[in-house]
Amino acid sequence: MTFGRRLLVLLVAASLLLGAGVWTVLRAGDPARGGDRAGDGPPARAGAVTLGPHNDGPLLVFRSLTWGPRRDHLAAVPLVDPTATRTVAVPACLRFHAAAGTGICLRAVHGVLQDTYRAVVLDADLNERRHYDLAGIPTRARVSPSGHLVAWTVFVGGDSYAGTDFSTRTSILDTRTWTPQDDLESYAVTLDGHPYRAADINVWGVTFADDEHFYATLATGGRTWLVAGDAVARTLTTVHGNVECPALLAAAALAPAVVR
């Protein structure tokens, strides 16, 4: 085969691949294939979602996973009728949680070459208050019952908890001062009653008891512990071994929220 013929075959193959890619993207973004169409998922409509008091009672606010142009956007239904038509709002989040009118949205910022990630603090009307660039892929988000503290965890190495080579970074932010604690691995750790330090410590899955105390998972040496954290004293104390991903559900006076 001559050089010219080889070049022609290569150009034709590249054109076909490019055309297939464009067709796939356009097909995925076609509004007719979105979650509003009967048979594609629960009924939904665009509208405003609030984290504050609602005329119809408490709302269940969550990240919509229905395939289509509104995937990952925040959606809401009345708590008393989860099968009702969903109201879908503009913010798109990979992880979301809310309490007392404060929301935390971990979102992707799509770039030409690669995506980056951002933690966005939202008010009760889902307007951005502040945002912070993230060092890795979002995995967990939480707001304290008062709405004053928010926490998030990202993967900075590896992409899941399944292996032994993952690394996480967990941060806590005080929305009253906008002062972040960038890495809970810097906290003083007490493990089984003794001070402990190690290079392989990972902390994830914060769940708040109040504006000072929280629980989380600590991993080191191939094991995990449930730890009690103090955000003021900046300490972590092991409570029980072989425990992961704790969750405290506080009674919400406003709107409950669902993570993931």
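Reading guide: rules and limits
Residues numbered from 1 in each chain as written. Predicted model: local features only at pLDDT ≥ 70, side-chain atom pairs only at ≥ 80, totals over all residues. Heavy atoms only, no water. Patch = residues over 30% accessible without salt bridge, like charges linked within 9 Å, V, L, I, M, F, W, Y side chains within 5 Å. Areas by Shrake-Rupley, 256 points an atom, 1.4 Å probe, with all protein chains shown as cover. Salt bridge = Lys/Arg side-chain N within 4 Å of Asp/Glu carboxyl O. Buried < 20%, exposed > 50% of the residue type's maximum accessible area, 1.4 Å probe, protein only. Helix = DSSP H or I, 4+ residues; strand = E, 2+ residues; numbered from the N terminus. Core = buried A, V, L, I, M, F, W, Y, C linked by side-chain atoms within 4.5 Å. Contact = heavy atoms within 4.5 Å. pLDDT = per-residue confidence, 0-100. Phe/Tyr/Trp six-rings, centres within 6.5 Å; stacked < 30°, edge-to-face > 60°. Lys NZ or Arg CZ within 6 Å of the ring centre and 35° of its normal. Pairing = 2+ DSSP bridges. Axes fitted to C-alpha atoms, helices over the stretch in contact; angles between N-to-C directions. Polar contact = N/O pair within 3.5 Å; in protein donor to acceptor, adjacent residues only side chain to side chain.

A. The arrangement of a nonpolar patch on the surface in detail. A contiguous nonpolar patch, built from Tyr-215, Val-239 and Leu-248 and spanning about 240 Å² of accessible area, is present on the exposed surface. Judged by its relative accessible area of 31%, Tyr-215 is partly exposed.

B. The pattern of salt bridges, seen in detail. Inspection of the entire model under this criterion finds four salt bridges. Between Asp-133 and Arg-118 there is a salt bridge whose closest N-O contact spans 3.8 Å. Taken as a pair, Asp-133 in strand β8 (residues 128–133) and Arg-118 in strand β7 (residues 116–122) lie far apart in primary sequence, 15 residues in all. Assessed through its relative accessible area of 61%, Asp-133 is described here as exposed. Arg-118 sits in the partly exposed class, given a relative accessible area of 25%. For the salt bridge of Asp-174 with Arg-176, the shortest nitrogen-to-oxygen distance reads 3.0 Å.

C. How the structure looks around the nonpolar core. Within the largest apolar cluster, 18 residues are counted, with the highest numbers of intra-cluster contacts made by Phe-214, Leu-218 and Leu-236. Contributing elements (two or more residues each) for this core: β10 (149–157), β13 (188–191), β15 (202–208), β16 (213–220) and β17 (223–230). In this view, Leu-218 contacts Val-189, Ile-201, Asn-202, Val-203, Arg-223, Thr-224, Trp-225, Val-227 and Leu-236; residues no more than four positions away in its chain are not counted. One finds Ala-99, Tyr-117, Val-150 and Leu-173 within the second-largest nonpolar core, a separate group that totals 16 residues.

D. Quick peek at the confidence of the model for the protein chain. When pLDDT is averaged along the protein chain, the result is 85; 80% of the residues meet or exceed 70. The low-confidence segment residues 25–39 (pLDDT under 50) makes 21 contacts with residues lying over four places distant or belonging to another chain. Contacts from residues 251–260, a stretch scored under 50 in pLDDT, to residues over four places away or in other chains number 29 contacts.

E. The packing of aromatic side chains, seen in detail. Taken as a whole and judged by the stated rule, the model has three aromatic pairs. With a centroid separation of 6.3 Å and an interplanar angle of 70°, the aromatic rings of Phe-208 and Phe-214 are classed as edge-to-face. Between Arg-71 and the ring centre of Trp-67, over which it is positioned, the NZ or CZ distance is 3.9 Å.

F. Structural context of the sheet that holds β7. Read across the sheet, four strands follow the order β5-β6-β7-β8 without closing on themselves; strand pairing throughout is antiparallel. Sheet topology places β5 (95–99) and β8 at the edges, where each strand pairs with a single neighbour. Neighbour to neighbour, the strand axes of the sheet diverge by 20° on average, direction disregarded. With five bridges connecting them, β7 and β8 associate as antiparallel partners. In the strand pairing of β8, Val-120 is matched with His-131.

G. Region of the structure containing the side chain of Thr-224. Structurally, Thr-224 can be placed in strand β17. For Thr-224, a relative accessible area of 11% translates into the label buried. For Thr-224, the side chain forms a polar contact with the main-chain oxygen of Val-243, separated by 3.5 Å. Other than its neighbours up to four places away in sequence, Thr-224 contacts Trp-204, Thr-217, Leu-218, Ala-219, Gly-241, Asn-242, Val-243 and Glu-244.

H. Local environment of the sheet that holds β16. Sheet architecture is open: six strands sit in the order β14-β13-β18-β17-β16-β15, paired in mixed fashion. Each having just a single partner strand, β14 (194–196) and β15 make up the two edges of the open sheet. Along the sheet, successive strands turn relative to each other by an average axial angle of 35°, direction set aside. Bridge count for β13 against strand β18 (residues 235–241) is three bridges, and the pairing is parallel. Paired with Ala-188 across the two strands is Thr-235, which belongs to β18.

I. Representation of the pairing of β16 within the structure. Most of β16 is tucked away, with six of its eight residues classed as buried. Both β15 and β16 contribute to a ladder of five bridges, which runs antiparallel. Across the sheet, Phe-208 pairs through a bridge with Phe-214, a residue of β16. The loop that links β15 with its antiparallel partner β16 comprises four residues. Across eight bridges, the pairing between β16 and β17 is antiparallel.

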